[in-house]
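Here is how the chains run, residue by residue.
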Amino acid sequence: MQKILKGLTVYKIGYGGIGIARLPDGKKVLIKGGALPGSIVDVRIVKAKKDYVEAHLLAIKKQNPELLSGVPICQHFFSPFLQEQETGLQEYEIGCGGCKWQVMNYEAQLKLKEAIVEDAFGKLLKKQEITFLPIIGSPLQKGYRNKIEFSFGVYKQLDEAFRKGKKSGIPEADLLAQGLKKYAIDADFNLGFHKQGEFSKIVDISACGLITEKANQVFSHLKQLCKASGLPVYDQKTHQGFFRHLVLREGINTAQLLVNLSVADNNLTSQEETQLREQFLEQLKADPLLKEQVSTFVISYNNGLADIVRNAETEIKTFRGEGTIHETLDFSAFVPADEELKPELSKVTFRISPSSFFQTNTLGAQRLFGTAMQMIGHIEGNVLDLYCGAGSIGLSLLRLGIGKELVGVEIVEEAIVDARHNAKINGLQDRCFFVASPAEKMLINFPELKEKIQNVGLVVIDPPREGLHPNVIKYLAELKQQYAFKLLYISCNPITMARDIELLVEEGFSFKQVQGVDMFCHTHHVECISVLG
Ligand SMILES: C[S@@+](CC[C@H](N)C(=O)[O-])C[C@H]1O[C@@H](n2cnc3c(N)ncnc32)[C@H](O)[C@@H]1O
């Protein structure tokens, strides 16, 4: 098969923002890189499978004008669409790999997300009717994230003449002697996001449109301090260097800010480097802007090889403050006006540790959980919250009068410590029981759960992207034999959600409708809610 395919018409969008086209023989071409429906594109084939072909976007020849009326919120925004509009050519130049949908107005983004959800449930739709409720938008489209993870790194790009010379076999020394420079771009201290499609290059960011002004101010100040320290960034290729990641977590409703600086400290061995590190830490401690704006500062000592903030050996040390922040969810907009619920009882506060999951769009989470509560309606009995994180869904439900007692199960130990604390600070500790375990092994790890899980009126499942483990599906089917509970399924991956729901329907659950909620504006991600009977 040819490597390059030209002039394909993208007719649909699927999960992961993948553009879908067809070959003359009817085979599907799944295109990564931001190809939108209605555009005509050139692509490079990366994998040919029996039934479909995987490809990367190379060029956009014609675009769908109806989709392109968005005003990018970010100065670092890179889009093949904009490139084409400005230059007549589409080339991948320096550009942040995030938020590819900024070219679209928000209405168009929401329509595409509805299409992604419907596409994901396509197989089940052939077997039964499904109502796809109109998607609910995010209250904020800018500055909506309460958590962001920047990477430190380098950005080196060979000069084109130098690259060609080397390719033709001329030794590097000769090319340099001819006066050619080796790199067109040679930045050795960047802090930002990975370049579109290239994980070894970090695009330097001065501000991010997805976080608040306060978070951006702290980010840019910290970046200056790190750069001025003289300590090197960690190089993912050589595994040398100090600075790895910078994570900011903000309580949008509480104005608290947590900084988590991830560093590798096992390769700074010279006395000079150790001294620089000590000086840098002293400076962080004394810095007036950080003292004023940052509630707590932790440092993650991470000497693992993988490019992640935390691996099994990472040691998180609290550098200043408590090492955690709080966030409050306010559900007053979802409480019926005639209900005599005191205003403070429609608010739930959560402590969040550096490693605990918390929904990244606080105001969006209020809408997500509030809508889920309305969809659940009245229940009798207790709540079982699997994949419960720091307890955010189960505790919110209890606080608003849904369910008598709560059992929560979550794999991350720190999140369970937070969940127990959160039950306490919301006055719910006597009605809650949390365990740290994989959901699929909970009865093996904690046989006492059999006793605790009684009179179930509602099961909440909000799993990671991979969806439910087969043991969990089996367990839910068995539990259904005992109790007539409602099942709330919340997911950030409509593909695995549809797969799981199909299995649950085979096990006797009834399923009617899906509600899309946008928690991630300017990206292809979409959250879904369904309540099964
Ligand atoms: C999408 S988050 C939802 C968390 C929580 N319900 C919330 O909304 O804040 C998924 C959670 O599942 C947890 N998790 C991942 N694999 C798990 C497993 N096998 N068993 C239990 N929890 C798991 C993650 O640590 C994460 O907290």
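Criteria and cut-off values
Residues numbered from 1 in each chain as written. Predicted model: local features only at pLDDT ≥ 70, side-chain atom pairs only at ≥ 80, totals over all residues. Heavy atoms only, no water. Salt bridge = Lys/Arg side-chain N within 4 Å of Asp/Glu carboxyl O. Buried < 20%, exposed > 50% of the residue type's maximum accessible area, 1.4 Å probe, protein only. pLDDT = per-residue confidence, 0-100. Contact = heavy atoms within 4.5 Å. Pairing = 2+ DSSP bridges. Helix = DSSP H or I, 4+ residues; strand = E, 2+ residues; numbered from the N terminus. Axes fitted to C-alpha atoms, helices over the stretch in contact; angles between N-to-C directions. 1 Å grid on protein atoms, 1.4 Å probe; cavity = no way out; pocket = protein on both sides within 12 Å on 5 of 7 lines; lining within 4 Å. Points joined across faces, edges and corners; volume = space filled by probe spheres on them. Nonpolar A, V, L, I, M, F, W, Y, C, P; charged D, E, K, R; others polar. Domains from an automatic or database assignment. Near = heavy atom within 4 Å. Polar contact = N/O pair within 3.5 Å; in protein donor to acceptor, adjacent residues only side chain to side chain. Right-handed = clockwise from strand over helix to strand, strands pointing away.

## Details of the pattern of salt bridges
Turning to step 1, where the next piece is worked out: By the definition in use, this model includes 14 salt bridges.
Turning to step 2, where the next piece is worked out: Salt-bridge contacts for glutamate 172 lead to lysine 166; the nearest nitrogen and oxygen are separated by 3.4 Å.
Turning to step 3, where the next piece is worked out: You can call glutamate 172 partly exposed: its relative accessible area is 28%.
Turning to step 4, where the next piece is worked out: On the basis of relative accessibility, which here comes to 41%, the residue lysine 166 falls in the partly exposed class.

## Some words on the confidence of the model for the protein
Turning to step 1, where the next piece is worked out: Looking at the protein as a whole, its pLDDT mean stands at 90, while 95% of the residues score no less than 70.
Turning to step 2, where the next piece is worked out: In the model, residues 86-93 has pLDDT below 50 throughout and makes 20 contacts with residues more than four positions away in sequence or in other chains.

## Remarks on the sheet that holds strand 3 (residues 18-22)
Turning to step 1, where the next piece is worked out: Read from one edge to the other, the open sheet built from six strands follows the order 1-5-6-4-3-2, with strand pairing classed as mixed. Two strands in the sheet have a free side with no partner beyond their single neighbour: strand 1 (4-9) and strand 2 (12-14). Ignoring strand direction, the axes of neighbouring strands in this sheet form an average angle of 40°.
Turning to step 2, where the next piece is worked out: Here strand 2 runs beside strand 3; their pairing, made up of three bridges, is antiparallel. The residue bridging glycine 14 from the neighbouring strand is isoleucine 18, located in strand 3.
Turning to step 3, where the next piece is worked out: Against the sheet, helix 2 (residues 106-120) touches strand 2 and strand 3, its axis set at about 70° to strand 2.

## Thoughts on the layout of surface pockets
In this approach, a probe sized like a water molecule rolls over the atoms, and the result shows the empty space that is left.
Turning to step 1, where the next piece is worked out: There is about 650 Å³ of room inside the second largest pocket.
Turning to step 2, where the next piece is worked out: For the second largest pocket, the lining is made up of 25 residues, of which Ile20, Lys28, Leu30, Asp119 and Ile495 are closest to its centre.
Turning to step 3, where the next piece is worked out: Where the lining of the second largest pocket is concerned, the elements lending two or more residues are strand 2, strand 3, strand 4 (28-32), strand 6 (52-62), helix 2, helix 3 (122-125) and helix 15 (494-506).
Turning to step 4, where the next piece is worked out: Tallied by class, the residues present in the lining of the second largest pocket amount to twelve nonpolar, three polar and ten charged.
Turning to step 5, where the next piece is worked out: Structurally, the lining of the second largest pocket is a two-domain feature, drawing no fewer than three residues from each of domain 1 (4-104) and domain 2 (133-142 + 361-532).

## As for the domain arrangement of the protein
Bring the parts together and some accessible area is lost; that lost area is often taken as the interface size.
Turning to step 1, where the next piece is worked out: Domain parsing of the protein yields domain 1 (4-104), domain 2 (133-142 + 361-532) and domain 3 (147-323).
Turning to step 2, where the next piece is worked out: Here the C-alpha centre of domain 3 lies 30 Å away from the C-alpha centre of domain 1.

## So, the site of the ligand
Turning to step 1, where the next piece is worked out: Inspection of the region around the ligand gives 18 residues, with Gln359, Ser392, Glu410, Ala439 and Asp462 positioned closest.
Turning to step 2, where the next piece is worked out: Between the ligand and glutamate 410 there is a distance of 2.7 Å, counted from an oxygen atom to a side-chain nitrogen or oxygen.
Turning to step 3, where the next piece is worked out: Contacts to the ligand include glutamate 440, whose side-chain N or O atom sits 3.1 Å from a nitrogen atom.
Turning to step 4, where the next piece is worked out: Looking at side-chain class alone, the shell around the ligand contains eleven nonpolar, four polar and three charged residues.

## Description of the pairing of strand 18 (residues 406-410)
Turning to step 1, where the next piece is worked out: Within strand 18, five of the five residues are buried, which leaves it mostly tucked inside the rest of the structure.
Turning to step 2, where the next piece is worked out: Neither face of strand 18 is open: one carries Leu406, Gly408 and Glu410, the other Val407 and Val409, and all of them are buried.
Turning to step 3, where the next piece is worked out: Here strand 17 (residues 382-386) runs beside strand 18; their pairing, made up of four bridges, is parallel. Across the sheet, residue leucine 386 finds its bridge partner in strand 18, namely valine 409.
Turning to step 4, where the next piece is worked out: Viewed along the sheet, the connection from strand 17 through helix 10 (residues 392-399) into strand 18 turns out right-handed.
Turning to step 5, where the next piece is worked out: Where strand 18 meets strand 19 (residues 432-436), five bridges bridge the pair, whose relative direction is parallel. Paired with valine 409 across the bridge in strand 19 is valine 435.
Turning to step 6, where the next piece is worked out: Between the parallel elements strand 18 and strand 19, the chain passes through helix 11 (residues 413-425) in a crossover that is right-handed.

## Focus on the sheet that holds strand 11 (residues 243-251)
Turning to step 1, where the next piece is worked out: What the seven strands build is an open sheet, ordered 10-9-8-11-12-13-14; its pairing is mixed. Bordering the open sheet on either side are strand 10 (198-204) and strand 14 (315-320), each of which pairs with just one other strand. Adjacent strand axes in the sheet meet at a mean angle of 30°, parallel and antiparallel pairs treated alike.
Turning to step 2, where the next piece is worked out: Sheet topology note: the strand 12 (residues 256-263)/strand 13 (residues 296-301) ladder contains six bridges and is parallel. Residue pairing across strands places serine 262 opposite serine 300, the latter belonging to strand 13.

## What to know about unusual backbone geometry
For residues besides glycine, phi is generally negative; the peptide bonds are generally trans as well.
Turning to step 1, where the next piece is worked out: Backbone geometry at histidine 239 places phi at a positive 60°, although glycine is not the residue there.
Turning to step 2, where the next piece is worked out: Along the chain, histidine 239 turns up in the loop between helix 6 (213-228) and strand 11.
Turning to step 3, where the next piece is worked out: Residue histidine 239 is classed as partly exposed on the basis of its relative accessible area of 25%.
Turning to step 4, where the next piece is worked out: The phi angle at tyrosine 387 is positive, at roughly 60°, despite the residue not being glycine.
Turning to step 5, where the next piece is worked out: You can see tyrosine 387 is positioned in the loop between strand 17 and helix 10.

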